[in-house]
Amino acid sequence: MVKALIRPVRKLLEIANRCPYLIPYIRYRSLFGMTTQLEQAYLYWYAQNKYSGKGEIVDLGSWLGSASVSLAKGLKGSGIVKMKDNRIHAYDIFIWESWMDKEVKNTPLEGKYKPGDSFIDEYTKRISYWRDLIKVYPGDLKQIGWDKKYAIELLFNDASKSWDLTNSIIQDFYPSLIPGVSIYIEQDFAHYYTSWIHLVRYRFRDYFKPILHIPFSGSVVFKYIKPVPREMLKVSYSFSSFSENEIDSAFEYSARLVSPQMRCNVLEAKVMLFVHLGDMERALYEFKKARDMGFDLIEVKSYFPKR
């Protein structure tokens, strides 16, 4: 009986050693939001066990606070950092949009807010127990920016919803990252819509080393390994900043960084790049190419209704 238990116990220990954030996942109660339970467990684990206090923690695109609370729970239990007040900086415009309705369907929030309403009251309520740890920045992060006298040790980015926001994050937040220390998490990496993320991550690949794709989620974790040259941080990037060869290379690179289960999302993002550009002929070509490879591109099918 004892011998029969040895192998699975060893396997669990191996997994725990390789993926220590899975331990809190086993006992971590998922929070409602746009982050998965595994993403929440990783943030909790990082804030409790790895965060050193050399810089601040920044949560971009906080929505209803699932990432903010996960980070706060971990930080509260940290024995490493002593000065904890206002170490988590949470940014969101906190204005309801129509696409959010489907995210709260069949929950107590269904019908509570209409497009244009502020929902900061709900966010504030959800973080209330950890309020001393979190500094909230309501408004447009492009206008708010970051106080560059403070370094950033963890940058959790769920705000790259457009080129404008992506450029603002590069210009305002990247300069405060700490080479060899900072962790950058791209939450929408494996999302079908945000095509620009793959181009930027490829252009900056010499400065950010991929260390983990959090399973069954959109998040890829990077280590900031060396300073980005200042001239690269001043550019306002757009699709026109990238050659056709670089676009192809970027998506090949991204596909290698995610698990097979999420690879379809990266291929959909490439299709969407050409949809964004209005080049439906090239979008259809990429759609058929991915379909011929055996991928069912569910999210972008509506752009090709008869295919």
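Residues numbered from 1 in each chain as written. Predicted model: local features only at pLDDT ≥ 70, side-chain atom pairs only at ≥ 80, totals over all residues. Heavy atoms only, no water.

### Regarding the sheet that holds strand β3 (residues 134-138)
Next, step 1: An order of β3-β2-β1-β4-β5-β7-β6 is seen for the 7 strands of this open sheet, with the pairing classed as mixed. Each having just a single partner strand, β3 and β6 (208-213) make up the two edges of the open sheet. When the angles between neighbouring strand axes are averaged without regard to direction, this sheet yields 20°.
Next, step 2: Where β6 meets strand β7 (residues 220-224), 5 bridges bridge the pair, whose relative direction is antiparallel. Counterpart to Lys209 in the pairing with β7 is Lys223. (Pairing = 2+ DSSP bridges. Helix = DSSP H or I, 4+ residues; strand = E, 2+ residues; numbered from the N terminus. Axes fitted to C-alpha atoms, helices over the stretch in contact; angles between N-to-C directions.)

### Notes on helix α7 (residues 163-172)
Next, step 1: Burial analysis of α7 places 8 of its 10 residues in the buried class, the great majority of the element.
Next, step 2: All of the buried residues in α7 are Trp163, Leu165, Thr166, Asn167, Ser168, Ile169, Ile170 and Asp172.
Next, step 3: In this fold, the buried residues of α7 make contact with β1 (56-60), α6 (141-144), β4 (152-157), α8 (196-203) and α9 (230-233). (Buried < 20%, exposed > 50% of the residue type's maximum accessible area, 1.4 Å probe, protein only. Contact = heavy atoms within 4.5 Å.)

### Overview of the confidence of the model for the protein
Next, step 1: Of the residues in the protein, 90% have a pLDDT of 70 or more, and the chain-wide mean is 91.
Next, step 2: Low confidence marks residues 1-5, where pLDDT is under 50. Its contacts with residues over four positions away, or in another chain, come to 0 contacts. (pLDDT = per-residue confidence, 0-100.)

### What to know about the pattern of salt bridges
Next, step 1: Inspection of every chain in the model, using the stated rule, returns 19 salt bridges.
Next, step 2: For Arg126, the salt bridge identified is with Glu122, shortest N-O distance 2.8 Å. Of this pair, Arg126 and Glu122 both sit in helix α5 (residues 120-126), 4 residues apart, roughly one helical turn.
Next, step 3: Accessibility expressed as a relative area gives 28% for Arg126, which makes it partly exposed.
Next, step 4: What makes Glu122 buried here is its relative accessible area of 4%.
Next, step 5: Between Lys148 and Asp172 there is a salt bridge whose closest N-O contact spans 3.9 Å. Taken together, the residues span a long stretch of sequence, with Lys148 in the loop between α6 and β4 and Asp172 in helix α7 at a distance of 24 residues.
Next, step 6: One continuous salt-bridge network, built from bridges that share partners, spans Glu244, Asp248, Lys270, Arg282 and Glu286. (Salt bridge = Lys/Arg side-chain N within 4 Å of Asp/Glu carboxyl O.)

### Describing the pairing of β7
Next, step 1: Most of β7 sits out of view: 4 of its 5 residues are buried.
Next, step 2: Sheet topology places strand β5 (residues 183-186) next to β7; 4 bridges connect them, and they run antiparallel. Looking at β7, one finds that Ile185 is bridged to Val221.
Next, step 3: Where β6 hands over to β7, the hairpin turn is made up of 6 residues, of which Phe216 adopts a positive phi near 55°.

### Digging into the packing of helix α3 (residues 37-49) against helix α4 (residues 66-76)
Next, step 1: Packing of α3 against α4 leaves a shortest axis separation of 7 Å and a crossing angle of 35°. The handedness of the crossing between α3 and α4 is right-handed. In contact with Gln40, Leu43, Tyr44, Ala47 and Gln48 of α3, α4 contributes Ser66, Ala67, Ser70, Leu71, Lys73, Gly74 and Leu75.
Next, step 2: Among the residues making up the contact of α3 with α4, the classes are represented as 6 nonpolar, 5 polar and 1 charged. (Left-handed = near helix turned anticlockwise from the far one by under 90°. Nonpolar A, V, L, I, M, F, W, Y, C, P; charged D, E, K, R; others polar.)

### What about the nonpolar core?
Next, step 1: Ranked by size, the top nonpolar core spans 61 residues in total, and within it Leu60, Leu155, Phe173, Tyr174, Leu199, Phe204 and Phe208 carry the most contacts.
Next, step 2: The dominant element in this core, judged by the number of residues it contributes, is helix α11 (residues 263-277), at 9 residues.
Next, step 3: One finds Val69, Leu71, Trp96 and Ile127 within the second-largest nonpolar core, a separate group that totals 37 residues. (Core = buried A, V, L, I, M, F, W, Y, C linked by side-chain atoms within 4.5 Å.)

### Considering the side chain of Ser160
Next, step 1: By the element assignment, Ser160 lies in the loop between β4 and α7.
Next, step 2: Those residues within four positions of Ser160 in sequence are excluded, and the remaining contacts are Thr166, Ile169, Glu186, Thr194, Trp196 and Ile197.

### Let's talk about the packing of aromatic side chains
Next, step 1: Within this structure, the stated rule accounts for 30 aromatic pairs.
Next, step 2: Taking 5.7 Å as the distance between ring centres and 70° as the angle between the ring planes, the aromatic pair formed by Phe94 and Phe119 counts as edge-to-face. You can see Phe94 sitting in the loop between β2 (88-92) and α5 and its partner Phe119 sitting in the loop between β2 and α5, a full 25 residues away along the chain.
Next, step 3: Using a relative accessible area of 1% as the deciding quantity, one classes Phe94 as buried.
Next, step 4: Take Phe119: its relative accessible area is 0%, and that puts it in the buried class.
Next, step 5: Ring geometry for Phe287 versus Phe304: centroids 4.7 Å apart, planes at 35°, classification tilted. Highlighted residues: Phe287 in helix α12 (residues 280-292) and Phe304 in the segment after α12, separated in sequence by 17 residues.
Next, step 6: Note on Phe287: relative accessible area 3%, which makes it buried.
Next, step 7: You can call Phe304 buried: its relative accessible area is 6%. (Phe/Tyr/Trp six-rings, centres within 6.5 Å; stacked < 30°, edge-to-face > 60°.)

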